[in-house]
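One letter stands for each residue in the lines below.
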Amino acid sequence: MTCQLLIGDATEVLATLPAASVQCVITSPPYWNLRDYQCAGQIGLEDIPSAYIGRLVAVFREVRRVLRDDGTLWVNIGDTYCGYHGNSQCADEDAPSNKPGYVENMRATTVGVEGLKPKDLVGIPWMLAFALRADGWYLRSDIIWAKPNPMPESVTDRPTSSHEYLFLLSKSATYYYDAAAIAEDATRPDEPRLKQNGESAVDTKTRGYSTQCGTTTTRNKRDVWTIASQPYPGAHYAVMPAKLVEPCILAGTSPQACEHCGAPWARVTERVAAVAPASYNGSTFTRGKTVTPHANTGQGTRYEHGDTTGWRPTCTHDNEGMGQCVTLDPFFGSGTVGKVALSYGRSFVGIDIDPRNVELARHRIGPMLLDNPSATVPIRRVVDKQAATGNRTAAGFNERWDAKEAAI
Ligand SMILES: C[S@@+](CC[C@H](N)C(=O)[O-])C[C@H]1O[C@@H](n2cnc3c(N)ncnc32)[C@H](O)[C@@H]1O
Ligand SMILES: [Zn+2]
């Protein structure tokens, strides 16, 4: 595994990375006009949404260059209301932006932007999604991150906001996506299943599912993910919950890859077909899905992920699968994406413009390596040494870290 922490503006640092060197990009950019990271060159404080979107499109254009052709991009983005934020001008006294300690990180106002009235929902997520699609990305999914613990709002003339978006985009029409790795528990285990040759997969003696064709009790992951947001002390921005990152890592990267070109190995599963219940026929269930009418029953079928029978290379190299899939986050913050990537044995590259964040990330991630005696992880640390010796450094940490690196 390799871990890289890089300080600098995302577009500039990305330009130094090799083309097609990353398998999966997972990131949460600064939201528009929400926080002032107090760092020159930061994204998010542009006067108008189109300027903000333009800067993000430029970052993601460079991301597309470093992404492998079969790679995916997962972008978590939230929306903004047009209004006064952060100072005494805020009409809503109970707004979180008026709470002590919050003000310094907030922008004063988004009022006065052409085309936006105070109280308007700006629609940033879809502006970004459409702009990225127009720039060449394949827009593949809008995943709703539903928060059971949303930020309290005292509004009474609209519902409380309790979701954000996670867009799945790809560089090509076909790409690496391990659906079986993130399959959900099925809620309709009573549906009859069919083998690919059309025979029933149901064991008539036990009324259970035949082990010969896989005992699938899962379904394809759906696009509403309910995950509690996690406050993280020490960071002055929203930290992505690990649970939001995990499915992206698991679907977007393989546990192994070609040691020559980095092509991910693909899971080999035995496909099992389930008959779509009659009530579903002709409904939205079948629309746009890979459903073929079954020869014997005439009913539609849908395929489920059967048992994993192995892994296969996706390139033509003679290889042992000893390579690594690389994950990238160009807005690394406290390093959640790196932490989750590492916990699944994936390599990562993290970029952030603020050296204080890179230092924070280093202290979150470092112990995962230091405390694991078997972790012979080459770390290519590209961190401003001066910034990395701030007063948040735990006693002796730098020495132990340096010793670990020196030993590799
Ligand atoms: C929403 S936070 C990311 C949080 C991160 N996902 C986590 O879990 O900790 C956005 C980050 O983008 C960084 N940032 C802002 N402008 C940037 C730029 N031009 N280039 C790189 N990073 C930037 C900020 O410093 C901040 O850490
Ligand atoms: Zn290869």
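Note that the structure is predicted; figures quoted are calculated from it, not measured.

**So, the site of ligand 1**
Working step 1: Surveying the vicinity of ligand 1 reveals 23 residues, the closest of which are A10, F331, G333, S334 and T336.
Working step 2: The residue inventory of the shell around ligand 1, partitioned by class, reads 13 nonpolar, seven polar and three charged.

**Comments concerning the nonpolar core**
Working step 1: Core analysis: the biggest nonpolar cluster contains 64 residues, and V25 and L73 have the highest contact counts within it.
Working step 2: What L73 contacts, discounting residues up to four positions off in sequence, is V25, F60, V63, L67, W137 and L169.

**What about the confidence of the model for the protein chain?**
In low-pLDDT regions, the fine details of the predicted coordinates are not to be read closely.
Working step 1: Mean pLDDT for the protein chain: 78, with 67% of residues reaching 70 or above.
Working step 2: This stretch, residues 278-299, has a pLDDT under 50; its non-local contacts, to residues over four places away or in other chains, come to 30 contacts.
Working step 3: The model gives residues 374-395 a pLDDT under 50, and that stretch makes 35 contacts with residues more than four places away or in other chains.

**Observations regarding the pairing of strand 17 (residues 326-329)**
Working step 1: Going residue by residue along strand 17, you find V326 and L328 tucked away on one face and T327 and D329 tucked away on the opposite face as well.
Working step 2: Bridging between strand 2 (residues 22-27) and strand 17 involves two bridges; their strand directions are parallel. Following the sheet pairing, C24 is matched in strand 17 by T327.
Working step 3: Of the strand pairs in this sheet, strand 17 and strand 18 (residues 347-352) are connected by four bridges, and their pairing is parallel. Across the sheet, V326 pairs through a bridge with S347, a residue of strand 18.
Working step 4: Crossover strand 17 to strand 18 through helix 5 (residues 336-343) is right-handed.

**Description of the pairing of strand 5 (residues 163-170)**
Working step 1: The element strand 5 is extensively covered by neighbouring structure, given that six of its eight residues are classed as buried.
Working step 2: Here six bridges tie strand 3 (residues 67-77) to strand 5, and the two strands are oriented antiparallel to one another. Across the sheet, T72 pairs through a bridge with S170, a residue of strand 5.
Working step 3: The sheet contact formed by strand 4 (residues 138-146) and strand 5 spans eight bridges and is antiparallel. Across the sheet, residue I143 finds its bridge partner in strand 5, namely L166.

**Considering the environment of T226**
Working step 1: The residue T226 is located in strand 11 (residues 224-226) in this model.
Working step 2: T226 gets classed as exposed once you count the C-beta atoms within 10 Å, which come to 12.
Working step 3: Along the sequence, T226 and H163 sit 63 residues apart, while their C-alpha atoms lie 9.0 Å from each other.
Working step 4: Apart from the residues lying within four places of it in its own chain, the contact partners of T226 are A146 and P148.

Rules used throughout
Residues numbered from 1 in each chain as written. Chains lettered and ligands numbered in written order. Predicted model: local features only at pLDDT ≥ 70, side-chain atom pairs only at ≥ 80, totals over all residues. Near = placed C-beta within 6 Å. Nonpolar A, V, L, I, M, F, W, Y, C, P; charged D, E, K, R; others polar. Core = buried A, V, L, I, M, F, W, Y, C linked by C-beta atoms within 7 Å. Buried ≥ 20, exposed ≤ 12 C-beta atoms within 10 Å, placed from the backbone. Contact = placed C-beta atoms within 7 Å. pLDDT = per-residue confidence, 0-100. Helix = DSSP H or I, 4+ residues; strand = E, 2+ residues; numbered from the N terminus. Pairing = 2+ DSSP bridges. Right-handed = clockwise from strand over helix to strand, strands pointing away.

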